[in-house]
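Inside the fold
Each chain is listed here by its residues.
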Amino acid sequence: MAAIHILVGSVYGGALLTAREIAKQLAPEGHQVVVLENPELSDLTQTDEPLLVCTSTTGQGELPPTLLPVYLELKDLLPLKPGRPFGVIVLGDSSYGDTFCGAGTLMEEVFQEMCANQVGETLRIDALETTDPIDEALPWVRDWIRQLP
Ligand SMILES: Cc1cc2nc3c(=O)[nH]c(=O)nc-3n(C[C@H](O)[C@H](O)[C@H](O)COP(=O)(O)O)c2cc1C
């Protein structure tokens, strides 16, 4: 059983619905999943539980406004979290070219700077190929949980 905090970044609700559905599907299996729709720094620093980012990409490879404040705080303060497990699910659209799923890369980088431990490879969900992100996200999360230390 895992206790997971999901940090959500979403503009139009796709990533938020995905995070909520992950929580809904995993709860009956005994996992404790907290969905943080507007995550704050204290949400990250008060526990050592695994963090799962579930964000979309906006602008030109940028983070949605719900996730940007905590990202900027992390960049600024860089609270060291050696070994803290994290994973990243990022929604994007490959028609944006070079900035495809850029929000996920930003989150990966800041967690790596904090010495956190990335579990699994980032899941990049392409809106051009996938109509319902949960179809890809749910199997990925189940696999991610199995890999958690
Ligand atoms: C204004 C705007 C800018 C976007 N910029 C990017 C981008 O730079 N890279 C990318 O991969 N996807 C980009 N997208 C696609 C979104 O990330 C994608 O549609 C995602 O599924 C939206 O999720 P959400 O409903 O949680 O906001 C953009 C979408 C919009 C509307």
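Refer to the structure presented above.
Throughout what follows, the structure given in this document is the object of discussion. All residue numbers refer to position in the chain's written sequence, counted from 1. The model is predicted, so local features are restricted to residues of pLDDT at least 70 and side-chain atom pairs to those at 80 or more, both for listing and for counting; the totals for chains, interfaces and linings are taken over all residues.

So, the nonpolar core
Selection rule: Only buried Ala, Val, Leu, Ile, Met, Phe, Trp, Tyr and Cys residues enter a nonpolar core, and they are joined through C-beta atoms within 7 Å. Exposed residues have 12 or fewer other C-beta atoms within 10 Å of their own C-beta, buried residues have 20 or more, and partly exposed residues fall in between, where C-beta atoms are placed from the backbone. Per the convention used, a helix needs a DSSP run of H or I reaching at least four residues, while a strand needs a run of E reaching at least two, with both numbered from the N terminus. What counts as a contact is two residues whose backbone-derived C-beta atoms lie within 7 Å of each other.
Counting 34 residues, the largest nonpolar core has Ile6, Val53, Cys54 and Ile89 as the members making the most contacts within it. The set of elements that each furnish at least two residues to this core consists of strand 1 (3–9), helix 1 (14–26), strand 3 (51–56), helix 3 (68–77), strand 4 (85–92), helix 4 (102–113), strand 6 (123–126) and helix 5 (133–147). Counting residues per element, this core draws most heavily on strand 4, at five residues. Ignoring sequence-local partners within four residues, the contact set of Ile6 consists of Ala19, Ile22, Ala23, Val33, Val34, Val35, Leu36, Leu52 and Cys54.

A few points about the site of the ligand
Here is the rule we go by: We call a residue near a molecule or strand when the C-beta position, derived from backbone atoms, sits within 6 Å of it. Gly counts as polar in this scheme, as do all residues outside two lists: the nonpolar Ala, Val, Leu, Ile, Met, Phe, Trp, Tyr, Cys and Pro, and the charged Asp, Glu, Lys and Arg.
Neighbouring the ligand are 21 residues, the closest being Ser10, Tyr12, Gly14, Ser56 and Gly92. Secondary-structure elements contributing two or more residues to the shell around the ligand are helix 1 and strand 4. Residues of the shell around the ligand, tallied by class, amount to eight nonpolar, 12 polar and one charged.

Focus: helix 5
Inclusion rule: Expected span of a helix, by definition, is 1.5 Å for each gap between consecutive residues, and there is one gap fewer than residues. Along the arc lie the directions from the helix axis toward the C-beta atoms.
Relative to the 21 Å expected for 15 residues at 1.5 Å per residue, helix 5 spans 21 Å between its end C-alpha atoms, a close match to the ideal helical length. Considered for burial, the residues of helix 5 that qualify are Pro133, Ala137, Val141 and Trp144. End-on, the buried residues of helix 5 take up no more than an arc of 65°, which puts them together on one face. In helix 5, the exposed positions that point more than 90 degrees away from the buried face belong to Asp135, Pro139 and Arg146. On the buried face of helix 5, the contacting elements are helix 1, strand 4 and strand 6.

Re helix 1
Relative to the 18 Å expected for 13 residues at 1.5 Å per residue, helix 1 spans 18 Å between its end C-alpha atoms, a close match to the ideal helical length. Of the positions making up helix 1, those classed as buried are Ala15, Leu16, Thr18, Ala19 and Ile22. Seen along its axis, helix 1 keeps its buried residues to an arc of 165°; they face one direction. On its buried face, helix 1 is in contact with strand 1, strand 2 (32–36), strand 3, strand 4 and helix 5.

Details of unusual backbone geometry
The phi dihedral of Leu78 is positive, around 40°, even though this residue is not glycine. With respect to the helices and strands, the residue Leu78 is situated in the loop between helix 3 and strand 4.

So, the pairing of strand 4
The following threshold applies: We call two strands paired when DSSP finds no fewer than two bridges between them. Note on handedness: a crossover is taken as right-handed if, strands pointing away from the viewer, the path from the first strand over the helix to the second is clockwise.
Of all eight residues making up strand 4, eight are buried, and the element is well covered by its neighbours. Neither face of strand 4 is open: one carries Pro85, Gly87, Ile89 and Leu91, the other Phe86, Val88, Val90 and Gly92, and all of them are buried. Relative to strand 4, strand 3 is paired through six bridges, and the arrangement is parallel. By the bridge assignment for strand 4, Ser56 is matched with Leu91. Remark: the strand 3/helix 3/strand 4 crossover connection has right-handed handedness. Where strand 4 lies against strand 5 (residues 117–118), two bridges are found, and the strand directions are parallel. Within strand 5, the position partnered with Phe86 by the bridge is Gln118. Read from strand 4 through helix 4 to strand 5, the crossover connection turns out right-handed. Sheet topology note: the strand 4/strand 6 ladder contains four bridges and is parallel. By the bridge assignment, Gly92 is partnered in strand 6 with Asp126.

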